[in-house]
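Read off the chains here:
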Amino acid sequence: MKVFRFLLLFIIAFQSNAQISDFNNIDFKKADSIALECKDEGLYNLPELVHKLTLNLDTDVERFRAIYMWVCINIENDYTLFLKNNKRRQKYQNDSTKLTNWNIHIRRKIFKTLLKDKKTICTGYAYLVKKLSNLANINCEIIQGYGRTSSTNIDKLNAPNHSWNAVELNGKWYLCDPTWASGIINPETYAFKFEYNDGYFLTSPKLFAVNHFPENEKWLLLNNPNLTFKTFLEAPIIYGKAYNALAIHDTPKKLHNALRPNEKVTFKYQLIKPITTNQVHLIVDNGFVDRKVEPNAVQIKDDTLTFEHQFSSTGFYDVHLLIDDNLISSYTFKVKR
Amino acid sequence: MKTNFTLKQKHNGFIKPVNVEHFSKRDFSKRTLSFIAIMMLFTLMSNPLFAQTNAPTESKVTNQELVVKGIVSDEFGPLPKVNVLLEGTKIGTSTNKKGEFTFPKTLNPGDVLVFSHLSYNSAKVKIIEGTTTIKLVLTSDTIEMIGDLNMEKRFKSKRSN
């Protein structure tokens, strides 16, 4: 019995490194173009869809890629459905019978909408990826948990609000988020726009954990006792583009920070691909004006990016990291004497 | 012969992480080594066995030419538009408004039919000698439907000033 536990440790240790770089030798162009060719297929005949998506691909990772890509470029995020579901879930949150009944009702409605209009909410994306993968004999799970974005109200994060997938490829488990990969909701009009983000495909579990916390912690795919729901709620905000630039978000560890005037704060990240120092900027917002500043002591050594910043006067600052003018992460600093 | 099938929820192979803090390092390497040794031995010994099972399978029951009909439902009643496919092929049909189907090709014992529908768990039914009618009840996942939005809006602190 003990022997199995040791084996388990190996499996877990192995998994913590499971990410896209395991497949550097594979070119996903073929899988992606097959997904694109199947663009007009419906969801009435799933085995046929899976057959078309996977027939000419040789490896499980490519077959999974074609399925995942198809879902990401074909399924829309349904804002109205989200709103309707969210309202009721909030209303019934202390009444389990009503919540269960509502869930049965909305599940039927969600499946109907997905089938007819190819529109859904998070769980629908994750469900479809799992369903299609299973038909291709690929082991895939829906992970229910907490997702954090710039618009998430942390105080109300008392029940899971997001779904994503874990997939088993060559004996290792990997993470991906088809909902956030497929596109974004316009903050003013609430209209959905397809905008595929490749960063959410087989992401480094360490970066994923910054804004994804599973209900069942084994799906963090990390063996880090310092990572808890509390540290997750305190973590900085990261954006979609962070998934294209970073492998690990190291410091600052928290969204809200406090320090004294002229005290140095160090920022540290692991990069996915090399960049140059002049691509790194900070936006410092003191509540009245935004200032775009060059950080101090910017260093890029191997894959590690470090730089510093200090505030000369007291105040409350929102600070945003930009790489290539893309929004990567946000922090706040309370500067007090 | 009538066969009733109900699909049970699938267990995946993921093993629960355990707390391993209380094992010493020496213990660890010794046990692991012995375990690896056992696994290697097992691998070496079991492989040749597989290699010998290539003998032709008996064809006693193959050419039975069964016409298979059936009805598919869920807990509430008959299910239309369920896909019925012969595993490993593109041959198939789907259920009509009453949840009924007649498979377009005669089947042999050992053939497997795959039943699928977006809203339900897929089910596989193996044809055995004498199967002519399949009565299948599909189940669905009781998953909670949730979803939050990602608007990629720049974070702004709520300030009192």
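Residues numbered from 1 in each chain as written. Chains lettered and ligands numbered in written order. Predicted model: local features only at pLDDT ≥ 70, side-chain atom pairs only at ≥ 80, totals over all residues.

Asks: Could you give an account of the overall build of chain A, naming the residues involved and the relevant values?
Replies: When helices and strands are tallied, chain A shows 11 helices and 19 strands. Its C-alpha radius of gyration of 21 Å places chain A within 12% of the 20 Å reference for a compact globule of 337 residues. For chain A, the spread of C-alpha atoms along the principal axes amounts to about 65 × 50 × 50 Å. In chain A, buried positions account for 39% of the 337 residues. Of the contacts made within chain A by residues no fewer than 6 positions apart, 63% connect residues no fewer than 24 positions apart. (Helix = DSSP H or I, 4+ residues; strand = E, 2+ residues; numbered from the N terminus. Rg over C-alpha atoms; globule rule 2.2 N^0.38 Å. Buried ≥ 20, exposed ≤ 12 C-beta atoms within 10 Å, placed from the backbone. Contact = placed C-beta atoms within 7 Å.)

Asks: Please set out the domain arrangement of chain A residue by residue, giving values where relevant.
Replies: Assigned domains within chain A: domain 1 (6–235) and domain 2 (251–335). Computed over C-alpha atoms only, the centres of domain 1 of chain A and domain 2 of chain A are separated by 30 Å. (Domains from an automatic or database assignment.)

Asks: Explain the packing of helix α2 (residues 29–37) of chain A against helix α4 (residues 60–74) of chain A to me, using residue names and the numbers behind them.
Replies: Residues and elements named next belong to chain A. At a closest axis distance of 8 Å, the pairing of α2 and α4 adopts a crossing angle of 40°. Classified by the interaxial angle, the pair formed by α2 and α4 is oblique. Like other packed secondary-structure pairs, α2 and α4 cross with a definite hand, here right-handed. Listed contacts from α4 to Lys30, Ala31, Asp32, Ile34 and Ala35 of α2 are Glu62, Arg65, Ala66, Met69, Trp70 and Ile73. Broken down by class, the residue content of the contact of α2 with α4 amounts to 7 nonpolar, no polar and 4 charged. (Axes fitted to C-alpha atoms, helices over the stretch in contact; angles between N-to-C directions. Parallel < 35°, antiparallel > 145°, perpendicular 65-115°, else oblique. Left-handed = near helix turned anticlockwise from the far one by under 90°. Nonpolar A, V, L, I, M, F, W, Y, C, P; charged D, E, K, R; others polar.)

Asks: Explain the sheet that holds strand β8 (residues 120–126) of chain B to me, and be specific about the residues and the numbers.
Replies: Residue and element names in this part refer to chain B. Pairing in this open sheet of 4 strands is antiparallel, and the strands run β5-β4-β7-β8 from one edge to the other. Where the open sheet ends on each side, the last strands, each with one partner, are β5 (92–94) and β8. The average angle at which neighbouring strand axes cross in this sheet is 15°, direction not considered. Summarising the sheet, strand β4 (residues 83–86) and β5 pair through 3 bridges and their orientation is antiparallel. Bridging from a neighbouring strand, leucine 85 pairs with glycine 92 of β5. (Pairing = 2+ DSSP bridges.)

Asks: Could you give an account of the environment of Asp32(A), naming the residues involved and the relevant values?
Replies: Residues and elements named next belong to chain A. Summarising the element assignment, aspartate 32 is placed in helix α2. You can call aspartate 32 partly exposed: it has 18 C-beta atoms within 10 Å. With 68 residues separating them along the chain, aspartate 32 and threonine 100 place their C-alpha atoms 38 Å apart.

Asks: Requested: an account of the sheet that holds strand β9 (residues 212–214) of chain A, with residues and values cited.
Replies: Residue and element names in this part refer to chain A. A sheet is described by the order of its strands in space; here 5 strands give the open sequence β8-β5-β4-β3-β9, paired in antiparallel fashion. One side of each edge strand has no neighbouring strand; the edge strands of this open sheet are β8 (201–203) and β9. The mean angle between the axes of side-by-side strands here comes to 50°, regardless of whether they run parallel or antiparallel. Taken together, the 5 bridges between strand β4 (residues 162–169) and strand β5 (residues 172–176) define a ladder with antiparallel strand orientation. Bridged to glutamate 168 within β5 is tryptophan 173.

Asks: Break down the nonpolar core for me, with residues and values.
Replies: The nonpolar side chains of soluble globular proteins are, as a tendency, buried together. Ranked by size, the top nonpolar core spans 79 residues in total, and within it Ile67(A), Tyr68(A), Val71(A), Val129(A), Tyr174(A), Cys176(A) and Ile328(A) carry the most contacts. For this core, the element with the highest residue contribution is α4(A), accounting for 9 residues. Of the residues that make up this core, three or more belong to each of domain 1 (6–235) and domain 2 (251–335) of chain A. Beyond its immediate stretch of four places on either side in the chain, Ile67(A) contacts Leu53(A), Val129(A), Leu132(A), Ser133(A) and Ala136(A). Judged by nonpolar contacts, the second largest core, of 17 residues, contains Val72(B), Phe103(B), Ile127(B) and Ile134(B). (Core = buried A, V, L, I, M, F, W, Y, C linked by C-beta atoms within 7 Å.)

Asks: Lay out the pairing of strand β14 (residues 280–285) of chain A in plain terms, naming residues and giving numbers.
Replies: Residue and element names in this part refer to chain A. Across 6 bridges, β14 lies against strand β18 (residues 315–323) in antiparallel orientation. Along β18, the bridge assignment pairs valine 280 with isoleucine 323. Judged from the 4 bridges that link them, β14 and strand β15 (residues 290–293) form a sheet pairing that is antiparallel. Across the sheet, the residue bridging to leucine 282 is valine 293, located in β15. What sits between β14 and β15 in their antiparallel hairpin is a turn of 4 residues, with glycine 287 showing a positive phi close to 100°.

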